[in-house]
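Each chain, written out:
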Amino acid sequence: VAIEKLPSSAGRGLVATQDIPPNEKILSIPFDKVYSSKPEDELEFHWSVDMALRLLKDKQACHGVASSKDSKWCEWLAQLP
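Residues numbered from 1 in each chain as written. Predicted model: local features only at pLDDT ≥ 70, side-chain atom pairs only at ≥ 80, totals over all residues. Heavy atoms only, no water.

**Q** Can you walk me through the overall build of the chain in this structure?
**A** The helix and strand inventory of the chain stands at 2 helices and 2 strands. Listed N to C, the secondary structure of the chain is β-β-α-α in terms of helices and strands. For the chain, the proportion of its 81 residues judged to be buried stands at 12%. Taking contacts inside the chain between residues at least 6 apart in sequence as the whole, the part at least 24 apart equals 14%. As displayed, the chain has an accessible area near 7,200 Å², and 55% of this comes from carbon and sulfur atoms. The chain carries 10 positive and 12 negative side-chain charges, and their two centres are separated by 7 Å. (Helix = DSSP H or I, 4+ residues; strand = E, 2+ residues; numbered from the N terminus. Buried < 20%, exposed > 50% of the residue type's maximum accessible area, 1.4 Å probe, protein only. Contact = heavy atoms within 4.5 Å. Areas by Shrake-Rupley, 256 points an atom, 1.4 Å probe, with all protein chains shown as cover. Lys, Arg positive; Asp, Glu negative; His and termini not counted. Charge placed at Lys NZ, Arg CZ, Asp CG, Glu CD.)

**Q** Sorry if this is basic, but what is going on with the nonpolar core here?
**A** Soluble globular proteins: nonpolar side chains tend toward being buried together. Within the largest apolar cluster, 6 residues are counted, these being Tyr35, Met51, Cys62, Trp73, Cys74 and Leu77. Listing elements by their share of this core, those giving two or more residues are helix 1 (47–62) and helix 2 (74–78). For cysteine 62, the residues in contact, after removing those within four places along its chain, are Ser71, Cys74 and Leu77. (Core = buried A, V, L, I, M, F, W, Y, C linked by side-chain atoms within 4.5 Å.)

Right, dumping it as structure tokens:
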């Protein structure tokens with residue numbers, strides 16, 4: 001697996017550099033590193049709306065943060081358009 005620039009405006013992504021056998025784990029992300037919405041039964045809106053609102057709120061909050069060390073998401077959010 002490699003990180004490559006994808007065609008057109010798709011950005012970057014993971015691509016297979018060789019055949020991958022079925023059911024082989026190629027990526028594992030600890031849950032505390034996942035930026036996700038609330039559980040479905042706690043959502044006030046559709047999950048995509050909830051996620052968009054969270055992204056906007058967190059990105060705005062990061063503008064006032066002196067260091068990316070102050071928030072685990074600020075460095076990542078700063079990379080978003």
